[in-house]
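Residue-level structural notes
Residues per chain, in single letters:
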Amino acid sequence: MSVLTSAADGRPGGVRARLRATLAGPSIPVSIAAVLLLWVARDADVVQHSFLMLGASVVVAAVVGCGVHLLWPGDVAGWRLYVRAGATQLCIAGVIYATGWGPALAVCFMYGAADEQRLAGSKATLPSISGAVFAIMAGQSAAALGWAPSFLSATASNRLAVIAALGVVLVIKMMGWSVASKESVEDELRRGEERFRALVEHVNDIILVFDDFGGVSYVSPAFQRVLGYADDDDVQLITSTYLHLDDRPRVLQFMNELRLTPGAFAWLELRLRHADGSWHWFEVGLTNRLDDVDIGGVVANMRDVTERRLFEQQLEYQAYHDPLTQLPNRAQFLEHLERALFESRQNADLVAVMFLDVDRFKLVNDSLGHDVGDRLLMEVASRLKQSLRPGDVVARFGGDEFTVLLDQLTAPADVEVVAERLLRNLRAPIVVGGRELFVTASIGVAVGDETEALAGDLLRQADLAMYVAKDKGRARWEVFEAHSAPRVVERLELEGEMWHATENGEFVVYYQPEVDLRTGEVVGVEALVRWKHPTRGLLTPDDFIPSAEESTLIVAIDRLVLATACARASEWVDARNGRVPHLAVNLSPRFLRQSHAFEEVQEVLAESGIDPTRLQLEITERSALADDERTLRTLEKLREIGIGVAIDDFGTGYSSFAYLKQFPIDVLKLDKTFVDALDQPGPDHAIVQAVIAMGHALGIHIVAEGVERPEQAARLRDLGCDGAQGFLFAPAVPVAELEELLAAGINPVTSGSAVARTGATAGAKRAATKRARRI
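Calculation criteria
Residues numbered from 1 in each chain as written. Predicted model: local features only at pLDDT ≥ 70, side-chain atom pairs only at ≥ 80, totals over all residues. Heavy atoms only, no water. Helix = DSSP H or I, 4+ residues; strand = E, 2+ residues; numbered from the N terminus. Buried < 20%, exposed > 50% of the residue type's maximum accessible area, 1.4 Å probe, protein only. Contact = heavy atoms within 4.5 Å. Areas by Shrake-Rupley, 256 points an atom, 1.4 Å probe, with all protein chains shown as cover. Core = buried A, V, L, I, M, F, W, Y, C linked by side-chain atoms within 4.5 Å. pLDDT = per-residue confidence, 0-100. Pairing = 2+ DSSP bridges. Axes fitted to C-alpha atoms, helices over the stretch in contact; angles between N-to-C directions. Expected span 1.5 Å × (residues − 1). Phe/Tyr/Trp six-rings, centres within 6.5 Å; stacked < 30°, edge-to-face > 60°. Lys NZ or Arg CZ within 6 Å of the ring centre and 35° of its normal. Arc of directions from axis to C-beta.

A few words now on the overall build of the protein. Across its full length, the protein holds 30 helices and 21 strands. Looking at the protein residue by residue over its 775 residues, the buried ones come to 47%. Relative to all contacts within the protein whose residues are 6 or more apart in sequence, the contacts with residues 24 or more apart total 64%. About 38000 Å² of surface is accessible on the protein, with carbon and sulfur atoms providing 58% of the total.

Written as structure tokens, this is what we have:
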């Protein structure tokens, strides 16, 4: 009893369970059947022992067989398997040898081998063969010793025993091969099932099976892992509680339709609530397998696509919104506008479009940097949104341009109220990066009614009206009027023609000499751009430079003039005195605000071979006052390599000497308005004299522009002005005429003028000393 207890499985009733399993096996039924057969055989005289003896042997065999199976039940291995298989075969041998037939009934050993292979598999083949052979040998020995009866003679019995043993070995071996083959197939199936189970259990996709009543009959472990629920019973709430309320009608209808078609497959997306309360998007593949007896339900393969949906939503948002201001972009604005126009035709109301451009934003962006410019645009966008109704649409159209859509208007006067409010809110100072900026905007307005107006036409009209507002001084709004459109279109066409002009070489450089008022000699040449328009003829800068300055065209023109003039000036020399005149080139503020402006000028100097001390760069008074530290640093670096700096058109701006001490200035050019004022007596004489005196006190060379009469030249000379240029001496001429003049050594001052007959004075000596720094 102790042995049986020690072999038990450690649970209460373990031995009893083994006993029930043994009694339920084939040993007891077969033993009872064997007793009945032996009873019949005794009456037929086919057995030699008495029925009692035979029955006893059967009972003993059954008890021993049950005992070893109780001791070592089920699938055992090693010596236990050999002992159990040997005991089983010995029990069988005891019964068949007790009948007297001995080896003639060797087929009974197959039963013992089959029973062992059923319990232990193919590994029981060799123990069963060993046990059967040993049992035959033991039975033959018992018959030889007279312990067991036999119908056969000893010789026949021994021969039959050998044949029986060989047959038992062969048959049991074949049985083992069959069992091994079956085990191989079962192992492969089991491994496949284990792989499938591992995939199902560890994949992040949730697999559910819904029965015909909507209940969940199977759920994969991923349900808990993905949705965070710990209780398997929670899955039954998937359609009633965890499914998003907005998705329930659609999903239930989808499921009902799917059940009607066996084998049908379809996809849908739905939202399920996570254990943390958030909603997750799932892509669900549904397959109707209700007619499959192994499944009997609708299989749902659910994949969490929340991140993908968020990414798609982000892409969609980026496609229709400006990344800087987060406002709708051009594409979304056009969609809103088309929808508003359609609704206006249905409701017979008005739709208005505003096209807004931030005034002088390029100056802010170029001078203070793109970071300040971006933050300024963000603040402008915020103020625009705050100034509009909740249903109105404001969008960033591109750059510093914004568009506003106003719908459901009753009268055009409503637009004027909104436009005034926008301008008023934008006028408040904006603090960006420690700087207080004042922003204005030019607004163009176009109103569409219930007629078949197109979105593109309305935008174009608002854009044209915005240009009219800029032409009228900026910081205002204008409503589109048909008669003003041609002038704006002409301006836009001019800008397009200028781009073609830069590509086709239509911009040419003319040159105007600068003379020394004391000696009358040519001391410098100013390079001036002209446009040989294919249809309008030769255009002066006043006809196209203002438009060019509003875009990057001015930089391309500056670059062209600088490179062309420097290349030709390297060959110039005055034949009369052998002196080399300096070259003056006008540069726009936009060119100097480039981060690589200094390097670009250096590159031109290297390519042309001109001495840097011969080059003089001119900037206007207004740009000098408006420019930033970047321009100041660029000018200082240019002066360090010998390039002169001049302020052009002095007198057209603030005319303050305070900034002259801040800027690295060598030359001051008086505007033509001062020169014209010299013809009339008045305070302008004193102003010009004061400018010249203060300029000399600061070490600045003074040059007068626009001198047209000898009297003006004489008066300027008397006031101490150093140089002059104008039609009195020579107009701006092509390079060929200038080079002819320099080669001939001809004094451009008329021979009868007082300036030509004036000799060198102490003032001329001072002026020559100042020019020596630049020439």
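In this section: unusual backbone geometry. Here the phi dihedral of Q408 falls at roughly 55°; this positive angle occurs in a residue that is not glycine. Relative to the assigned elements, Q408 resides in strand 8 (residues 401-409).

It is worth spelling out the nonpolar core at this point. Core analysis: the biggest nonpolar cluster contains 72 residues, and L583, V585 and L615 have the highest contact counts within it. At nine residues, the largest contribution of residues to this core is made by helix 20 (residues 553-569). If we ignore the near neighbours within four places in the chain, the residues touching V585 are A527, V561, L562, A565, L615, Q616, L617 and E618.

Parts of the prediction with low pLDDT should not have their coordinates interpreted in detail. Chain-level statistics for the protein give a pLDDT mean of 80 and a share of 81% at 70 or above. Overall, residues 1-13 carries pLDDT values under 50, and its contacts beyond four positions in sequence, including any with other chains, amount to twelve contacts. With pLDDT under 50 throughout, residues 749-775 is counted as low confidence; its partners more than four residues away or in other chains account for 46 contacts.

Moving on to the pairing of strand 18 (residues 644-650). Across the seven residues of strand 18, six count as buried, placing the element largely inside the fold. Relative to strand 18, strand 17 (residues 615-620) runs parallel, the two being bridged by five bridges. Across the sheet, the residue bridging to T620 is D648, located in strand 18. In this structure, strand 18 lies alongside strand 19 (residues 667-670), joined through three bridges in parallel fashion. Considered in strand 19, the bridge of F650 is made with L670.

Within a sheet, neighbouring strands are paired by backbone hydrogen bonds and run either parallel or antiparallel to one another. Strand order in the open sheet made by the five strands is 2-1-5-4-3, with antiparallel pairing throughout. Edge strands, defined here as strands with exactly one partner in the open sheet, are strand 2 (216-219) and strand 3 (265-273). Direction aside, neighbouring strands of the sheet carry axes that sit 25° apart on average. As judged from the five bridges shared by strand 1 (residues 206-210) and strand 5 (residues 297-304), these two strands associate in the antiparallel manner. Residue pairing across strands places I206 opposite M302, the latter belonging to strand 5.

Another aspect to go through is helix 6 (residues 108-120). In a regular helix each residue adds 1.5 Å, so 13 residues correspond to 18 Å; helix 6 covers 19 Å between its end C-alpha atoms and thus fits that length. Three or more residues of helix 6 are buried, namely F109, M110, G112, A113, D115, E116, Q117 and A120. Of the residues trailing helix 6, G121 is marked for its positive phi of about 85°.

This paragraph deals with the sheet that holds strand 6 (residues 350-358). Taken in spatial order, the five strands line up as 7-8-6-11-12 in an open sheet, and their pairing is mixed. Looking at the sheet topology across the chains shown, the edges are occupied by strand 7 (393-398) and strand 12 (477-479). Averaged over neighbouring strand pairs, the angle between their axes works out to 20° when direction is ignored. Sheet topology places strand 6 next to strand 8; seven bridges connect them, and they run antiparallel. If you follow L350 over to strand 8, its bridge partner there is L409. Its contacts with the sheet put helix 13 (residues 330-347) on strand 6, strand 7 and strand 8, and the angle it makes with strand 8 is roughly 20°. Across the sheet, helix 15 (residues 370-386) lies against strand 6, strand 7 and strand 8, angled at about 5° from strand 8, the strand it touches most.

So, on to the packing of aromatic side chains. Inspection of the entire model under this criterion finds seven aromatic pairs. Note on F355 and F397: the rings are 5.4 Å apart at their centroids and 70° apart in plane angle, and the pair reads as edge-to-face. Taken together, the residues span a long stretch of sequence, with F355 in strand 6 and F397 in strand 7 at a distance of 42 residues. For F355, a relative accessible area of 3% translates into the label buried. Relative to F544, the ring of F507 lies with its centre 5.5 Å away and its plane at 45°, an arrangement referred to as tilted. Here the residue F507 occupies a position in strand 13 (residues 507-516), and F544 occupies one in the loop between strand 15 (537-539) and helix 19 (545-548), the gap between them amounting to 37 residues. Here the aromatic residues F333, F355 and F397 are joined through ring pairs into a cluster of three or more. A cation over an aromatic ring shows up here: R309 above the ring of W281, its NZ or CZ 3.7 Å from the ring centre. The ring centre of F397 lies 4.2 Å from the NZ or CZ of R330, which sits over that ring.

This next bit is on helix 28 (residues 735-744). Since the α-helix packs 3.6 residues into each turn, any two residues three or four apart lie on the same face. Looking only at helix 28, the buried set comprises V735, L738 and L742. End-on view of helix 28: buried residues confined to an arc of 65°, all on one side of the axis. Exposed side chains of helix 28 directed beyond 90 degrees from the buried face belong to E740 and A743. In this structure, the buried residues of helix 28 make contact with strand 13, strand 14 (522-533) and helix 20.

Note that A462 resides in helix 17 (residues 455-471). Residues A462 and A446, 16 residues apart in the sequence, show an inter-C-alpha distance of 4.7 Å. Not counting the four nearest positions on each side in its chain, A462 is found in contact with V353, F355, G444, V445 and A446.

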